[in-house]
Amino acid sequence: MPSPKSKSEATPDLSEVAAIYQDLEKRVLPRSCQISTRCCRFRLTGQVPFLTLGEALYAAKGVRASGRKEIKPNPEGACPLLGANGFCTIYQHRPFGCRTHFCEAAGGVYPRKHLADLIQRLEALDEKLGGEGSRPLPVAVGDALQVRRAGRR
Ligand code: SF4
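Residues numbered from 1 in each chain as written. Predicted model: local features only at pLDDT ≥ 70, side-chain atom pairs only at ≥ 80, totals over all residues. Heavy atoms only, no water.

So, the site of the ligand
- Close contacts around the ligand come from Cys40, Phe42, Cys79, Leu81, Leu82, Cys88, Pro95, Cys98 and Leu137, and that covers them all.
- Residue classes in the shell around the ligand are distributed as nine nonpolar, no polar and no charged. (Near = heavy atom within 4 Å. Nonpolar A, V, L, I, M, F, W, Y, C, P; charged D, E, K, R; others polar.)

A few points about the environment of Gln146
- Residue placement: Gln146 occurs in helix H7 (residues 137-149).
- Taking relative accessible area as the criterion, Gln146 reaches 38% and is therefore assigned partly exposed.
- Taking the C-alpha atoms as reference points, Gln146 and Gly107, separated by 39 residues in sequence, lie 36 Å from one another. (Helix = DSSP H or I, 4+ residues; strand = E, 2+ residues; numbered from the N terminus. Buried < 20%, exposed > 50% of the residue type's maximum accessible area, 1.4 Å probe, protein only.)

Some remarks on the side chain of Arg135
- Mapped onto the fold, Arg135 is located in strand S2 (residues 135-136).
- By relative accessible area, which is 13% here, Arg135 ends up buried.
- At 2.8 Å, the side chain of Arg135 forms a polar contact with the side chain of Asp143. (Polar contact = N/O pair within 3.5 Å; in protein donor to acceptor, adjacent residues only side chain to side chain.)

Listed below in structure tokens is the structure:
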């Protein structure tokens, strides 16, 4: 679990996460997502998005906004944030990787050089918030929800 530094506990700045996502929107590349949700089915793909602390706290904010206080493992090994209707339950708050890690059928992953400055900003915010680097989505968001429940973010 992240061990937030006291210097940032009083003034978490998740607006920077929103700003990074907004800047990403300005440079979207042509992709053709068919909403198969394959990329959300971790057991199927063998891949899991990794989140910095800012992304995890922002995703946790989305979980809380959807009326939940916790997330539960998906019995099929999919993302715990994938709804029964097949749609992301935190779409507006979904992590950076979910916005850029398009499946091959949709056109492939964004080139890293296209995103390098945004990734650096996420990493800088992680450092500022006292994060420990990127962590797998289920544990990162689960821990972020605990932090929010404890009233520390
Ligand atoms: S956060 Fe949403 S978009 Fe990302 S893997 Fe989970 S369900 Fe899919």
